[in-house]
There are 2 protein chains.
Amino acid sequence: MKSEFAFINRIRAQAARYPQAGLVHGIGEDAAVIGQRQSHVTLVTTDLLVEEVDFKLSYAPPRCLGHKALAVSLSDIAAMGGRPRYSLLTLGIPPACGEAFWGEFFIGYFSLAERYGVGLIGGDTSAAPDRLVIDSIVIGDAAMNSVVCRSGAQIGDDIYVTGKLGQSAAGLELLRRGERLREEADSPAQRALRAHLMPEPPIRFGRYVASRGLAHAMIDVSDGLAQDLAHLCQESGVSAIIDFEAVPVAAGAKLVTDSSEAAFTLAISGGEDFELLLTMSRDAESALVSTANDCQVRLTRIGEIVAVDKNEPATRLWLRRQGQLEPLAVQGYDHFAQYSGFHSDKEAATEN
Amino acid sequence: MKSEFAFINRIRAQAARYPQAGLVHGIGEDAAVIGQRQSHVTLVTTDLLVEEVDFKLSYAPPRCLGHKALAVSLSDIAAMGGRPRYSLLTLGIPPACGEAFWGEFFIGYFSLAERYGVGLIGGDTSAAPDRLVIDSIVIGDAAMNSVVCRSGAQIGDDIYVTGKLGQSAAGLELLRRGERLREEADSPAQRALRAHLMPEPPIRFGRYVASRGLAHAMIDVSDGLAQDLAHLCQESGVSAIIDFEAVPVAAGAKLVTDSSEAAFTLAISGGEDFELLLTMSRDAESALVSTANDCQVRLTRIGEIVAVDKNEPATRLWLRRQGQLEPLAVQGYDHFAQYSGFHSDKEAATEN
């Protein structure tokens, strides 16, 4: 790596290999320039990844990190029902990350970008002496009337989730125990590692669900099912019941816990699964299932949206177990809790 | 500061006070949603500020930092001739920055945002244990045919720059010498400190110049006049001549240097002035001058665009002094040079 400009010019040359429809100017101007279309909306999301907080270079291969930096933001666009189109990448670069690191990082980044037709159109760099800092920005678009929000859940809706939960948290736990990703290997443990290091959000499923009008509300599962469902309920002014038996607990979650209770807790609070959580009325179920099949995505009905109890001060999550309702404690990740000494609202924040 | 979500909710409440035309969904969804318009383009820029690299908390009051984080990105939108509309803010937060810090930071941020009608619509937070990291993202728009690029400079164009140069670099040098900003004080030194800590890019001027068709090429002066002009020349495939006597050297630059030669060098290489550099044919000069007057912006003609010499391998900057041409060495800031041990292409990188 020579200078900042040499670094940027190399990325620019790589980015130019994937020309983007609708792009007017990419890297090389003061700002990127994108065309607009009547009756369409622009979606923008940003995700910050800080070394030692959100990932460790001791276990995350740079190629995986490049993949994940983009994947987490693609997940947000999918959760709105949008189509990812462009990305920007802002890097705070420590001395430890040199030529070889960035070569691998961008193989992972561009490989995922190409699969979804996403063009890297800008970014910024600075030195970050002690640790790598990555801000991933993705811009998507959608037809004006097909965007799906967190706030649209309706009383009586069923709640669905894609994939299996707790896989990423299990992968993280396995990494902490010294397991490492091996390229060709396939086992429940390796699948959990891969889920954590190279998540594959159901990007097309999110977009198809939205364009076919099959979700009243949607959110991606990044902070843990319970916390993300709580967000959705708060924005919608509703409560929710989760069926204990219905939640799809990943095999990995069972691998790192010693009871089905603990595996369940990991599944609903582990975070970083980057699956999609959505609510929809029952009459659309067959269309939803067939959309999931089209996208080769597993879809599970896990509960229902209910009215906020008049005796309760706010929206609430309930767990239904053998027909009995009990309040569901919301645990999830709080970035501030463990590093800064800030008082956290939660008793225990599960890292992810 | 309680939890991450309490922190975000407080910013969200502040942001909601400034409702934005065209905004469909702001903070609170997986991605922000913005309307599109036929024949318009979206402009996107991102700027990373890392503590101890791009600023020091020992001299930058948090209110100034909030202002500057937004200002540097507004400058990029102005340089494209766009109108800033929305912003996102990504924060890596160290323990040292608590309630009082963020209260002040957001006074500075929202105060500038309100002046230009910019709405904060999203962002992300993480812990950043050792140092504050700020990624400032601004989204603007422009009519399709009024965007101004770096690549449009034409042979024979005059070169213009707004404001005076070297003021920000002088302010940084004064801060290093122990001078501090005093709110009410006004002196050449205090104006230099203010230029560094709370830059005021000529945002409206950039937009008016573009919409009136008064620039062939434009760039903001963030890395130093010489380096930014070199970028513009490279993108346009031209060379440039700068008139030594014409460059508007700020009073602050003279304050911290001991010769007019050194003050000139600071002015063309100091960086972070966030002025606008543009090229235009002479016949538009009176319209340019009257636009500058409309915006209360100082505008100086400092040189001209020339063809690349056939004997030269690439674009080149020349300095004209008393009628004689000499090659102008391009010095400017390289983030990687001083912190990471990367080999820099430049002999001396001037920090800014």
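In case you missed it, the structure is sitting above this.
Quick look at the structure, then. Given the structure is predicted, the values throughout are model-derived calculations rather than measurements.

Let us now look at the overall build of chain A. For chain A, the count of helices and strands is 11 helices and 13 strands. In summary, chain A has a C-alpha radius of gyration of 20 Å against a globular reference of 20 Å for 352 residues, a match within 12%. For chain A, the spread of C-alpha atoms along the principal axes amounts to about 65 × 50 × 40 Å. Relative to its 352 residues, chain A shows a buried fraction of 61%. Residue pairs in contact within chain A that sit at least 24 positions apart in sequence constitute 82% of those at least 6 positions apart. Put simply, chain A has 32 plus and 45 minus side-chain charges, and the middle of one group is 5 Å from the middle of the other.

A few words now on the relation of the copies chain B and chain A. Turning chain B through 180° and shifting it by 0.0 Å along the axis lays it on chain A, with an RMSD of 0.0 Å. Taken together, the rotation and translation describe the operation of a two-fold axis. The fraction of interface residues of chain B whose copies in chain A are also interface residues reaches 99%, indicating that both copies meet through the same surface.

Once that is clear, we can look at the sheet that holds strand 6 (residues 133-143) of chain B. Here we have 6 strands laid out as an open sheet, ordered 1(A)-2(A)-3(B)-6(B)-4(B)-5(B), and mixed in their pairing. One side of each edge strand has no neighbouring strand; the edge strands of this open sheet are strand 1 (23-25) of chain A together with strand 5 (119-127) of chain B. This sheet shows a mean twist of 20° between the axes of neighbouring strands, independent of strand direction. Sitting on the sheet, helix 1 (residues 4-15) of chain B touches strand 4 (83-93) and strand 5 of chain B, and the angle it makes with strand 5 of chain B is about 165°. Of the strands in this sheet, strand 3 (40-50), strand 4 and strand 6 of chain B touch helix 2 (residues 62-79) of chain B, which is tilted by about 35° from strand 6 of chain B.

What follows is about helix 3 (residues 99-115) of chain B. Residues and elements named next belong to chain B. With 17 residues, helix 3 extends 24 Å between its outermost C-alpha atoms, agreeing within 8% with the 24 Å of an ideal straight helix rising 1.5 Å per residue. Along helix 3, the residues that are buried comprise Phe101, Trp102, Phe105, Phe106, Gly108, Tyr109, Phe110, Leu112 and Ala113. Backbone geometry just after helix 3 places Gly117 at a positive phi near 65°.

A word on the interface of chain B and chain A. Listed per partner, the contact involves 78 residues of chain B and 77 residues of chain A. Summing both sides of the interface, chain B and chain A together bury roughly 6600 Å²; the carbon and sulfur share of this comes to 56%. Between chain B and chain A we count 6 salt bridges in total. Asp130 of chain A serves as the salt-bridge partner of Arg131 of chain B, at 2.7 Å between the closest nitrogen and oxygen. Counting residues per element, the side of chain B that touches chain A draws most heavily on strand 3 of chain B, which supplies 10 residues. Per-class residue counts for the side of chain B that touches chain A are 36 nonpolar, 21 polar and 21 charged. In this structure, strand 2 (residues 32-35) of chain A lies alongside strand 3 of chain B, joined through 4 bridges in antiparallel fashion. Paired with Val33 of chain A across the strands is Leu43 of chain B, a residue of strand 3 of chain B.

All names here are of chain B. In contact at an axis separation of 12 Å, helix 1 and helix 3 are set at 25° when each is read in the N-to-C sense. Here helix 1 is positioned roughly parallel relative to helix 3, judged by the angle of their axes. For helix 1 against helix 3, the interelement crossing comes out right-handed. In this structure, helix 1 uses Phe7, Arg10, Ile11, Gln14 and Ala15 to contact helix 3, whose residues at the interface are Glu99, Trp102, Gly103, Phe106 and Phe110. Grouping the constituent residues of the contact of helix 1 with helix 3 by class yields 6 nonpolar, 2 polar and 2 charged.

Each value, and the rule that gives it
Residues numbered from 1 in each chain as written. Chains lettered and ligands numbered in written order. Predicted model: local features only at pLDDT ≥ 70, side-chain atom pairs only at ≥ 80, totals over all residues. Heavy atoms only, no water. Helix = DSSP H or I, 4+ residues; strand = E, 2+ residues; numbered from the N terminus. Rg over C-alpha atoms; globule rule 2.2 N^0.38 Å. Buried < 20%, exposed > 50% of the residue type's maximum accessible area, 1.4 Å probe, protein only. Contact = heavy atoms within 4.5 Å. Lys, Arg positive; Asp, Glu negative; His and termini not counted. Charge placed at Lys NZ, Arg CZ, Asp CG, Glu CD. Least-squares fit on C-alpha atoms with pLDDT ≥ 70 in both. Pairing = 2+ DSSP bridges. Axes fitted to C-alpha atoms, helices over the stretch in contact; angles between N-to-C directions. Expected span 1.5 Å × (residues − 1). Buried area = accessible area lost by both parts, 1.4 Å probe. Salt bridge = Lys/Arg side-chain N within 4 Å of Asp/Glu carboxyl O. Nonpolar A, V, L, I, M, F, W, Y, C, P; charged D, E, K, R; others polar. Parallel < 35°, antiparallel > 145°, perpendicular 65-115°, else oblique. Left-handed = near helix turned anticlockwise from the far one by under 90°.

These figures capture arrangement, not role.
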